[in-house]
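In case you want the letters, here they are:
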Amino acid sequence: MALQLFDTYTRSVRTFEPLDPPKVGLYTCGPTVYDYAHIGNLRTYIFEDFLRRVLDWNHFDVKHVMNITDVGHLVSDADEGEDKMEKGSARTGKTAWEIAEFYTLAFKQDLERLNILPPTIWCRATDHIADQIETIRCIEANGYTYQTSDGIYFDTSRLDDYGYLGRLDIEGLQAGMRIDMGEKRNPTDFALWKFSPKDRQRQMEWDSPWGKGFPGWHIECSAMSARYLGKYFDIHCGGEDHITVHHTNEIAQTEACHHTRLANFWMHGYFLQLGEEKMAKSGGGFIRLETLIERGYDPLVYRFFCLSALYRAKLNFTWDGIDAAATSLERLRKAVYEWGAPSGEPDAGFVAQFETAINDDLNLPRALAVTWDMARSSLPAGVRKATMAVFDTVLGLGLMEWKPKTEGAVPADVQALVEERTKARVEKRWADADKLRGQIAALGYDVEDSPAGPVVKARK
Ligand code: AMP
Ligand code: ZN
C-alpha cells in the first residue's frame, strides 16, 4: 500500500508522493531551549521519529531539518511579555547563551535515550539572524508589514487566506478582541522583528534595517526551512498547538515572501495529557524523561507507551499506563532475545501486514498488534528474529541489541561465544556447538538450552 498521511491543511488523508522523488524534505519545529523538555514535548518528537522511519521504510531519501529556538519565543504567543530565554536566564543566574547551550544538550540527550534519529541538519535561530532579516525585508518589500513603537508587524488582513490552516474565524476574532490590541491593526497580526527595550540592554540583540532588536518567533522557521529545504518542500510537522498560531504564521510569512504555502503536507502530533490538562512547561505536572529514569524505568518504556496510541489522538499519561508498557516491553524483549540469532528471510506475509499498518497514516498500535501476532506465531525462531529486525527499524525499540541483565553480568567474550553457539545450533553444526560449550565452560560459565533459548549462568 502506498503511504497515506493525514494532512492538516486539507483535513484529509492523502497519498504521499514526494515533490522531487525519491527526495523528501522534512521540517520539524524543535524545542525552545529555556528549560528541559517534558515528556509531552517528547511525545511529539517520538511521533516525528516514527514518521521519519516510515519514510525511510518506503525508500525515500529524507533530508530532515530541526530548528532550535534560542531567541524570540515570548512568554505569551501573542508577542507580549518577556523572551523565554531571558526569563530562563533570570531564573537560573546563567546567561541566555549558557541556558540555550545547556538545554540544547539536555534535549539531544533525551532524543538519544529515546532512540530518536538525529535530524540531518540542526539549525539554531541565533545562527540565522541574517536569513531572518532577509525574509522580513522580502515580506516588507511585498507590502505586508507595518511598524509600531515596539516592532515590525505582519498585517494579516493583507492575506486573503490568512488562518486557513487553523480554519480561524477571522471575523469572530476581529469582533471579539478589539481591546488589548495595543498598536496592532488586527488581533492576529504578529511581530516579525521586535525592538530592544529602551530602558535596558537585552542579552540577545542584533542590528537590523529597522533598529536594534530580535526576531519574532515564527520568522526563524520560514527563513531556515527555505534555506535548507527550499521555498516549497514535502512535510512540515509540530505539535497540535502549532496549528492555529505558529504554523499559521509561518505559512503567512512564506506566502507573503515566496508565494507558496511552505509545505505540501502539514502534520501534527496530538498532546500528552495529565487527566484533563495538557502537560506544559509552565504549570504543575512537569514530568521529564529523567523523572521516569529516576523511578527505575528504561526510557524506551516511554517510547513503547507512545506506540500504543495513534498520533492523532490525545494520550493520557498515567503511571499505571507506564507500568503496563514496561511489562509488555519486557515480555517482548525477552521473547526476542530468546529466539537466538536471526536466520532465513523475514516473513513476507507479516512484513506486508506491518507495512499496511504503518503506511495507513502511521497506525502504530496496529503495527504493534502485528508484531505480537508475529512473535506468537509458529514461524521458526530465527525467522521471527529476522522479521523483528525489519520491524524494529520503525519501532526503534532496540529489540535486536537487548540482553537480559543477569546476576553478575555475563562478560562480553562469554556472550559472544554463546551467540556463536546459538548460531551453530540453528545451523545444526552440532560438533561446533559442543566445542563452543567447552570454551564457555573454560571461562567459568554454563549454558543451558531452554525452549525459549540459551540461559547462561556462572559456575558456582
Ligand atoms: P516548545 O519547546 O514549547 O516549543 O515545544 C516543543 C514541541 O512540543 C512543540 O512541537 C509543541 O507543539 C510540542 N508540545 C508542547 N506541549 C505538548 C504536549 N503536552 N504533548 C505533546 N506535544 C507537546
Ligand atoms: Zn516552527
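Calculation notes
- Residues numbered from 1 in each chain as written.
- Chains lettered and ligands numbered in written order.
- Predicted model: local features only at pLDDT ≥ 70, side-chain atom pairs only at ≥ 80, totals over all residues.
- Heavy atoms only, no water.
- Donors = N, O, S within 2.8 Å, 3.2 Å for Na, K, Ca; no water.
- Tetrahedral: all angles 85-135°; square planar, octahedral: opposite > 155°, others 65-115°.
- Helix = DSSP H or I, 4+ residues; strand = E, 2+ residues; numbered from the N terminus.
- Buried < 20%, exposed > 50% of the residue type's maximum accessible area, 1.4 Å probe, protein only.
- Expected span 1.5 Å × (residues − 1).
- Arc of directions from axis to C-beta.
- Contact = heavy atoms within 4.5 Å.
- Pairing = 2+ DSSP bridges.
- Axes fitted to C-alpha atoms, helices over the stretch in contact; angles between N-to-C directions.
- Right-handed = clockwise from strand over helix to strand, strands pointing away.
- Disulfide = S-S within 2.5 Å.
- Phe/Tyr/Trp six-rings, centres within 6.5 Å; stacked < 30°, edge-to-face > 60°.

Q: What should I look at first to understand the coordination of the zinc ion (ligand 2) in this one?
A: Geometry sets the ideal angles at a metal, namely 109.5 degrees for four tetrahedral donors and 90 or 180 degrees for six octahedral donors. Within the first shell, the zinc ion (ligand 2) binds the protein through Cys29 (SG), Cys221 (SG), His246 (NE2) and Glu250 (OE), at distances of 2.0 to 2.4 Å. Coordination at the zinc ion (ligand 2) is irregular, judged from the four donor atoms that bind it and the angles of 75 to 129 degrees they form at the metal. Along the chain, the residues donating to the zinc ion (ligand 2) are arranged with the sequence spacing C-x191-C-x24-H-x3-E. Of this pair, Cys29 sits in the loop between strand E3 (23-28) and helix H1 (39-57) while Glu250 sits in helix H7 (residues 246-258), and the two are 221 residues apart along the sequence. By relative accessible area, which is 5% here, Cys29 ends up buried.

Q: Sorry, what's going on with helix H10 (residues 319-338) here?
A: Every α-helical turn comprises 3.6 residues, leaving residues that sit three or four positions apart pointing alike. End to end, H10 covers 28 Å across 20 residues, agreeing with the expected 28 Å (1.5 Å per residue, within 8%). Ile322, Ala325, Leu329, Leu332, Arg333, Val336 and Tyr337 are the residues of H10 that are buried. In a view along the axis of H10, the buried residues occupy a sector of 130 degrees, so they form one face of it. Turning to H10, the residues buried within the fold contact helix H9 (299-307), helix H12 (364-375), helix H13 (381-395), helix H14 (412-426) and strand E18 (453-458). Looking at the residues trailing H10, positive phi occurs at Gly340, about 75 degrees.

Q: Hey, could you run me through the sheet that holds strand E7 (residues 121-124) in this one?
A: One key point about sheets: their strands pair by backbone hydrogen bonds, in either a parallel or an antiparallel sense. Here five strands make up an open sheet; going across it, the order is E7-E4-E3-E12-E13 and the pairing parallel. One side of each edge strand has no neighbouring strand; the edge strands of this open sheet are E7 and strand E13 (263-269). Each strand axis lies, on average, 20 degrees off the axis of its neighbour in the sheet, ignoring direction. In the packing of helix H3 (residues 96-113) onto the sheet, contacts are made with strand E4 (61-68) and E7, and the angle to E7 comes to roughly 155 degrees.

Q: Would you explain the pairing of E13 in this entry?
A: Note on strand geometry: in a regular strand, side chains alternate between the two faces of the sheet. Of all seven residues in E13, seven are buried; the element is thus mostly enclosed. Each parallel crossover has a hand, and the one from strand E12 (residues 233-239) via H7 to E13 is right-handed.

Q: Teacher, can you tell me more about the sheet that holds strand E11 (residues 213-215) here?
A: Strand order in the open sheet formed by four strands is E8-E9-E10-E11, with antiparallel pairing between adjacent strands. Only two strands of the sheet have a single partner each, and these edge strands are strand E8 (145-148) and E11. With strand direction ignored, the average angle separating the axes of adjacent strands in the sheet is 25 degrees. Across three bridges, the pairing between strand E10 (residues 190-195) and E11 is antiparallel. Paired with Phe195 across the bridge in E11 is Gly213. Contacting E8, strand E9 (151-154), E10 and E11, helix H4 (residues 129-141) runs over the sheet at an angle of about 120 degrees to E10.

Q: What should I look at first to understand the state of the cysteines in this one?
A: Here, disulfide denotes a covalent bond that connects the sulfur atoms of two cysteines. Tallying each qualifying case throughout the model produces one disulfide. Paired through a disulfide, Cys138 and Cys257 show a sulfur-sulfur distance of 2.1 Å. Disulfide Cys138 to Cys257: torsion about the S-S bond roughly 105 degrees, handedness right-handed. Here Cys257 lies in helix H7 and Cys138 lies in helix H4, a separation of 119 residues in the sequence. Of the cysteine sulfurs around Cys123, a residue in no disulfide, the closest is that of Cys221, at 7.9 Å.

Q: Hey, could you run me through the packing of aromatic side chains in this one?
A: Tallied over the full model, the rule gives 22 aromatic pairs. Ring centres of Tyr36 and Phe102 lie 6.0 Å apart, and the angle between their planes is 70 degrees; on these two criteria the pair is classed as edge-to-face. Residue Tyr36 is located in the loop between E3 and H1, and its partner Phe102 is located in helix H3; the two are separated by 66 residues in the primary sequence. Ring geometry for Phe107 against Trp122: centres 6.2 Å apart, planes inclined by 80 degrees, an arrangement best described as edge-to-face. Of this pair, Phe107 sits in helix H3 while Trp122 sits in strand E7, and the two are 15 residues apart along the sequence. Residue classification places Trp122 among the partly exposed residues on the basis of a relative accessible area of 27%.

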